[in-house]
Amino acid sequence: MEIIDLSWLQIGMGFIILLLPAYILWKYNTGLNKKLLTACLRMVLQLLFVGYYLEYLFEYDNPWVNSAWILIMVLVADFATIDRSDLKRKASTLIPIFGATLLGIIVIDLFFLEVVIQLPKLLAAQYTIPITGMVLGNCLRSNVIGINAFYYKLADHRERYQFYLACGASRTEALQPFISEALQKSANPTLASMATIGLVSLPGMMTGQILSGSSPLIAIKYQIMIMVAIFSGTVLSVFLGILFTNQMTFKDTDMLDESILKN
Amino acid sequence: MANQHDIIFQHVSFSFGDEIVLNNLSFNIKTGCHTLIKGESGSGKSTILKLLLGFYHPDEGRIRWKDNTIHPQEIRKQTAWLPQDLDLGSHSVSKVMEKPFEFSCNQKKATTEHQKIEILNQLGLPKNILDKPFRTLSTGQRQRVGIAICYLLDKPILLLDEPTSALDSKSKRHIANLLLSNKAKTIISTSHDPSWVKKADYIIEI
C-alpha cells in the first residue's frame, strides 16, 4: 500500500488535539503552556530543518559530509549533556564528554553499520544518519542521568569517598561505588524498555518502517539491532564520559573540583 | 628536635574561600602517642585531619611527614580515619565492613566473619547487626562500626574525629580499651569529651 502523505492542512488539524492537554495544564495552574508553545515551535522548526537537510544528505550521500554531520550532532549533544546534567560549561567538562560521546558513536556505528549490516557504501546516509541519530539521542538521555548521578552523588557523599581514600584506596577504587551507581541509573531505563518492547510500546523506528511499507519482520530485525546498539552505546558513552571527565575534574589531592557543579 | 617519624605542621594557614579556618598554626605530632586536638566547634579541628590526609593543600606553610613534604596517596596507605558522621551507604554492615579490604593496599589484611563479630561484640554491638543496612543504624552504632573498620584495618596512624560524640559511657570505655591499648599506633583525635581528653598523651589547643 502507498504511504499516505500528509498535507500541511492535515498537520495543522493534528495540532487541534493539543487544546485538550493545554486546557488541563491551564486549569491546574501548571504554568506549562508557555513551555508547550515554545516546545511545539522548536519541534516544528527543528524537524523542518531536519527534513530539508536529510533530503540534501540523502541526495549527496558522501561519507565525509555524513561524518561532518555526525560531528555536529555530537557537538550539540555535548553541550546539551553538560547543561542538562547541571554541570558548568568548562573545558574540563566539554572536551571529555565530547570525546566520550564521539568515541562511543564511532565504535557503535562502525560495528553495526559496517560489520553487522555491511553497508554497500561506506557510511551510506540512508542508514548512518537515522541510526546514529537514534543511538545519539539515547546516549544523550543516559549521559545526562549517569553524569548527573555520578557528580552530584559524589558531592553529596563527599565523606564516603574521602573515607575510602583515607583507608588507602586509589582514586579509581574510591570512585568505583559512585561509577557503579551512575551506570545502574543510566542503564536501567534502556533495560526496562528492552524488556517491555513490543508489549507496552511499538518503537518509533519500527513504526516508521512499517508505515513506509516495510514488512513487519524486516522492521523487527532492525529494531532488535537498534536496541542492542542503543544499549551498548549508552553504557559505553556514560562509562567513557565518567572516565574521561575524571581526568580533568579532580585536583591533585584527589578531591573533586566542585566548581564544575551548577548547584 | 622532632624525631624522624614526627608529623610536623609548620606555619600552616588554610581558608575555605574567604573564611579563614587555620592561621599560622605550628605543632609536632609524635609517633606512638595519642595526640588530641582541642578547640571550639568550627575552630578547624576536622580540617587539620583532612589536611593531614592530603585532601587539601595548605594556603601557606607546609605539613611534613617523615621529614618529607606530605604525599597524600602514600600517607593514606598508612592511615585509617573515622569522620564525625560516617556515611557508608545502604549496603549491609557486613558488606560495608568488607569494602575497605577490597582496596589493593589492604587486600592482604582481608577480614573474616569471625573477626567482624568479635570486634563488634567488643564494641557492644550484636552479631545480627551485620545483616542490617548501614543507613538504618543510629549515629552511635555507625560510629562504632567505623571504629571497628579502623581497628581491623590495623594501620599505623589512626585519625579519629570526635570518636565518642555519639557514645554512652560504657561504649566510650570499650573504644578506649580497643584503640588506645596498642602503643605502637599514632593516634590523632579531636574531641570535646573530657573522658576522652584525659586519655591523650599530648593536647594541642587551637
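Residues numbered from 1 in each chain as written. Chains lettered and ligands numbered in written order. Predicted model: local features only at pLDDT ≥ 70, side-chain atom pairs only at ≥ 80, totals over all residues. Heavy atoms only, no water.

### A short note on the overall build of chain A
Quick note on the threshold: A run of DSSP states H or I qualifies as a helix once it reaches four residues; a run of E qualifies as a strand once it reaches two. Both are numbered from the N-terminal end. In this scheme, a residue with accessible area under 20% of its type's maximum is buried, one over 50% is exposed, and one in between is partly exposed, where area comes from a 1.4 Å probe on protein chains only. Working definition of accessibility: Shrake-Rupley area with a 1.4 Å probe, residue cover restricted to the visible protein chains. Counting rule for charge: Lys and Arg are taken as positive, Asp and Glu as negative, and neither His nor the chain ends is counted. Charge positions are represented by NZ for Lys, CZ for Arg, CG for Asp and CD for Glu.
Across its full length, chain A carries 10 helices and 0 strands. The dimensions of chain A, computed from C-alpha atoms along their principal axes, are 70 × 55 × 35 Å. In chain A, which comprises 263 residues, the proportion classed as buried is 39%. For chain A, the computed accessible surface area is about 14,800 Å², with 69% contributed by carbon and sulfur atoms. Averaging the coordinates of the 18 positive side-chain charges in chain A and doing the same for the 18 negative ones gives two points 9 Å apart.

### A look at the UniProt feature "transmembrane region" (unreviewed entry) in chain A
Filter applied, for reference: UniProt positions are given in the numbering used here, feature names are shortened, and annotations may be inferred rather than shown by experiment.
UniProt marks residues 6-24, 36-58, 64-82, 94-117, 129-152, 191-212 and 224-245 of chain A with the feature "transmembrane region" (unreviewed entry), using the numbering shown here. With 96% helix and 0% strand, residues 94-117 of chain A has its two end C-alpha atoms placed 32 Å apart.

### Topic: the pairing of strand β7 (residues 157-161) of chain B
For a regular strand, side chains alternate in direction, first toward one face of the sheet and then toward the other. Residue and element names in this part refer to chain B. Heads up, the rule is: What makes two strands pair is DSSP finding at least two bridges between them.
Burial of β7 is extensive: 5 of the 5 residues sit out of reach of the surface. The alternating pattern of β7 places I157, L159 and D161 on one face and L158 and L160 on the opposite face, and all of these are buried. As paired elements, strand β6 (residues 79-82) and β7 share 4 bridges and run parallel to each other. Directly across from A80, in β7, lies its bridge partner L158.

### Remarks on the environment of G204(A)
Within the fold, G204(A) resides in helix α9 (residues 204-211). It is 9.2 Å that separates the C-alpha atoms of G204(A) and Q223(A), two residues lying 19 residues apart in sequence.

### Details of the side chain of D161(B)
All names here are of chain B. Quick reminder of the rule: Counted as salt bridges are all cases of a side-chain nitrogen of Lys or Arg within 4 Å of a carboxyl oxygen of Asp or Glu. Any pair of nitrogen or oxygen atoms within 3.5 Å is treated as a polar contact; in protein, a donor-acceptor pairing is required on top of that, and neighbouring residues in sequence qualify only through side-chain atoms on both sides. Contacts between residues were defined by any pair of non-hydrogen atoms, one from each residue, lying within 4.5 Å.
Along the chain, D161 falls in strand β7. Within the buried core, D161 has no salt-bridge partner, and the shortest N-O distance to an opposite charge, that of K50, equals 6.6 Å. Separated by 2.6 Å, the side chains of D161 and T190 make a polar contact. Excluding residues that lie within four positions of it along the chain, D161 makes contacts with S46, L49, L82, P83, Q84 and T190.

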